[in-house]
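# Report on the structure
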Amino acid sequence: MAKIVVVGSFNMDLTSYMERMPRPGETVHGSRFVTGPGGKGSNQAVAAARLGAQVTFVGRVGQDTFGDMALAQWQREGINTRCVVRDPDRATGVAPIFVEESTAENAIVVVLGANNALSPDDVDAAQAEIASADVLLAQLEVPVATVHHALELAKRHGVLTILNPAPATSLSESLLRLVDYLTPNETELDLLVGDSDTAAADQSIEFKGRRLLAFDGQTLVVTLGAQGAQRVTRNDSTLIPRFDVEAVDTTGAGDAFNAGLAVGLAEGKPWDQAVRLAHATGALSVTKPGTAASMPTRAEVEAFLRSATRQG
Ligand code: RIB
């Protein structure tokens with residue numbers, strides 16, 4: 001069984017659905033409000049577990065009701081919670097989310113709370129799990145110094161690393177050198193390439209991606225929304241189209257994609273098969289509302305892939 005350690009965030013998602021987003025200063029009517037488990041790290045952990053991986057989550061939640069709900073969710077999903085810390089001083093992270101029903105697009109505010117206190121020591125406590133993992137998967141809703149430490153530890157043990165650089169922030173060359181697979185979206189790619197480069201916005205994904213690559217064996221998988229995803233290495237650049245589905249809520253689609261990629265690579269699949277698994281997981285996740293709640297099972301993903309293959 002593929003073993004994945006996710007170092008990342010948990011937020012309680014407070015999601016309002018509306019016909020269209022309010023503009024600054026405007027009040028609009030919502031049609032529905034849902035509270036559910038989210039956070040990029042936890043969403044990726046839940047999706048990877050539903051795809052059949054053995055998952056350990058390294059994160060922090062508060063000693064509050066939302067923290068209890070996080071642990072209950074992970075336990076239901078069969079995720080190892082030995083390395084989850086209950087922070088005595090900070091509240092569990094929350095994320096008010098607006099979803100526009102006419103487009104299925106979203107806007108999110110994250111109030112990270114306990115996630116902000118995840119420390120290198122917390123990561124060290126997961127050393128045994130990291131050392132025996134196939135893949136370490138991280139995002140940027142916990143301190144960058146902690147992510148850096150986790151990547152270092154993983155590389156010291158020869159573990160494949162995936163960094164989903166979301167939400168985007170600039171990253172040091174020394175951190176980027178520890179990442180085997182970097183998975184930005186287009187906006188994140190622009191930010192990582194550098195704000196000072198005013199021409200960056202007009203350049204191709206391949207060109208920008210190559211500028212970011214920190215070493216020969218590194219791979220960038222840039223998610224491009226409707227166009228799919230582009231894999232960029234020093235020697236190759238390939239666009240892998242996504243599957244077309246009827247989207248109801250795109251929140252968490254990137255998390256589903258990253259989990260699919262991590263599971264595919266952890267299972268030893270070639271990169272194109274891993275990206276196909278990632279695309280299928282992402283596609284199915286947008287057909288249901290919510291974030292963690294919308295993550296598909298492996299059986300659902302396999303059935304979807306079989307029917308996509310039949311349709312050519
Ligand atoms: O990627 C979606 C996630 O981003 C949401 O679950 C929200 O908590 C924010 O972290």
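Small disclaimer: the values here were computed from a predicted structure and weren't measured. All chains use their own residue numbering, which begins from 1 and follows the written sequence. The predicted nature of this model means local features are confined to residues of pLDDT at least 70 and side-chain atom pairs, given and counted, to a pLDDT of 80 or more, with totals for whole chains, interfaces and linings taken over all residues. Side-chain numbers here rest on the full set of heavy atoms in the structure, without hydrogens or water.

### Remarks on the overall build of the protein chain
In plain terms, the rule: A helix here means a DSSP run of H or I that spans at least four residues, while a strand means a run of E at least two residues long, and both kinds are numbered starting from the N terminus. Here the globule rule is a power law, 2.2 Å times the number of residues to the power 0.38, and the radius of gyration is based on C-alpha atoms. Only protein chains enter the calculation, and the probe is 1.4 Å; a residue is then buried if its accessible area is under 20% of its type maximum, exposed if over 50%, and partly exposed in between. Any two residues whose heavy atoms approach within 4.5 Å are treated as being in contact. Residue burial considers only the protein chains on display, and all accessible areas are found by Shrake-Rupley using a 1.4 Å probe. When charges are counted, neither His nor the chain ends are considered; positive counts come from Lys and Arg and negative counts from Asp and Glu. Charged side chains are reduced to one point each, which is NZ for Lys, CZ for Arg, CG for Asp and CD for Glu.
Each helix and strand in the protein chain was counted, giving 11 helices and 13 strands. Computed over the C-alpha atoms, the radius of gyration of the protein chain is 18 Å, within 12% of the 20 Å expected from 2.2 N^0.38 for a compact globule of 312 residues. Once the C-alpha set of the protein chain is aligned to its principal axes, its extents read approximately 50 × 45 × 45 Å. Among the 312 residues that make up the protein chain, the fraction classed as buried is 53%. In the protein chain, 66% of the contacts between residues at least 6 apart in sequence involve partners at least 24 apart. In the structure as shown, the protein chain presents an accessible area of about 13000 Å², 51% of it carried by carbon and sulfur atoms. Side-chain charges of the protein chain comprise 26 positive and 37 negative groups, with the mean position of each set lying 5 Å from the other.

### Side note on the site of the ligand
For clarity, the cut-off: We call a residue near a given molecule or strand whenever any one of its heavy atoms falls within 4 Å of it. For the purposes of these results, a polar contact is taken to be a pair of N or O atoms within 3.5 Å, where, inside protein, one atom must be able to donate a hydrogen and its partner to accept one; residues adjacent in sequence count only when each atom of the pair is a side-chain atom.
Around the ligand there are 13 residues in total, and Asp13, Gly39, Lys40, Glu141 and Asp255 lie nearest to it. The contact in question runs from an oxygen atom of the ligand to an N or O atom on the side chain of Asp255, over 2.7 Å. Contributions of two or more residues to the shell around the ligand are made by β2 (11-18) and α1 (40-50).

### Quick word on the sheet that holds strand β8 (residues 135-138)
Rules: We call two strands paired when DSSP finds no fewer than two bridges between them.
If you trace the nine strands from one edge of the open sheet to the other, you get β5-β4-β1-β8-β9-β10-β11-β12-β13, paired in mixed fashion. Looking at strand neighbours, the two that pair on one side only are β5 (84-87) and β13 (237-240), the edges of this open sheet. Where strand β1 (residues 3-7) meets strand β4 (residues 54-62), five bridges bridge the pair, whose relative direction is parallel. Bridge pairing in β4 links Ile4 to Val55.

### A word on the pairing of strand β9 (residues 160-163)
For clarity, the cut-off: Convention used here: a crossover is right-handed provided that the path from the first strand, over the helix, to the second strand proceeds clockwise when the strands point away from the viewer.
The pairing of β8 with β9 spans four bridges and is classified as parallel. What sits directly across from Ala138, in β9, is Leu163. Crossover β8 to β9 through helix α5 (residues 144-156) is right-handed. Pairing geometry for β9 and strand β10 (residues 181-182), over two bridges, is parallel. Its bridge partner being in β10, Ile162 is matched across the sheet by Tyr181.

### Topic: the nonpolar core
What counts, and what does not: Residues belong to one nonpolar core when they are buried, are Ala, Val, Leu, Ile, Met, Phe, Trp, Tyr or Cys, and are joined through side-chain atoms within 4.5 Å.
Judged by nonpolar contacts, the single largest core of 50 residues is most densely connected at Ile4, Val55, Trp74, Ile79 and Leu261. Counting only elements with at least two residues in this core, the list comes to β1, α1, β4, α2 (65-77), β8, α9 (253-266), α10 (271-285) and α11 (298-310). Of the residues forming this core, the biggest block, eight residues, is contributed by α9. Filtering out sequence-adjacent residues up to four positions away, Ile79 remains in contact with Ala45, Val46, Ala49, Val55, Phe57 and Trp74.

### Section: the packing of α9 against α10
A pair of packed helices is characterised by two quantities: the angle between their axes and the separation of those axes. The line we're drawing: All axes here are fitted lines through C-alpha atoms, helices being fitted over the stretch that makes contact, and every angle between N-to-C directions spans 0 to 180 degrees. Note on angle classes: values under 35 degrees are labelled roughly parallel, values over 145 roughly antiparallel, values of 65 to 115 roughly perpendicular, and the remainder oblique. Crossing handedness: left-handed means the near helix sits turned counterclockwise from the far one by under a right angle, and right-handed means the same turn made clockwise. Under this grouping Gly is polar, as are all residues other than the nonpolar Ala, Val, Leu, Ile, Met, Phe, Trp, Tyr, Cys and Pro and the charged Asp, Glu, Lys and Arg.
It is at 7 Å that the axes of α9 and α10 come closest, and there the two elements cross at 150°. One way to sum up the angle between α9 and α10 is to call them roughly antiparallel. Seen along the crossing, α9 lies across α10 with a hand that is right-handed. On the side of α9, the interface is formed by Ala253, Ala256, Phe257, Gly260, Leu261, Val263, Gly264 and Leu265, while α10 contributes Ala274, Val275, Leu277, Ala278, His279, Thr281, Gly282 and Ser285. For the contact of α9 with α10, the class distribution of residues is 10 nonpolar, six polar and no charged.

### As for the sheet that holds strand β6 (residues 93-100)
Taken together, the four strands give an open sheet; going across it, the order is β3-β2-β6-β7, and neighbouring strands pair in mixed fashion. At either margin of the open sheet sits one strand with a lone partner, and together these are β3 (30-38) and β7 (106-108). Between one strand axis and the next, the sheet turns by 20° as a mean value, whatever way the strands run. As defined by bridge partners, β2 adjoins β3 across eight bridges and the pair is classed as antiparallel. Along β3, the bridge assignment pairs Asn11 with Gly38.

### Considerations on the confidence of the model for the protein chain
Threshold: Per residue, pLDDT captures the predictor's confidence, and it can take any value from 0 to 100.
Here the protein chain averages 95 in pLDDT, and 97% of its residues register 70 or above. Here α11 stands out as the element of the protein chain with the lowest mean pLDDT, 93, in contrast to β1, whose mean of 99 is the highest.

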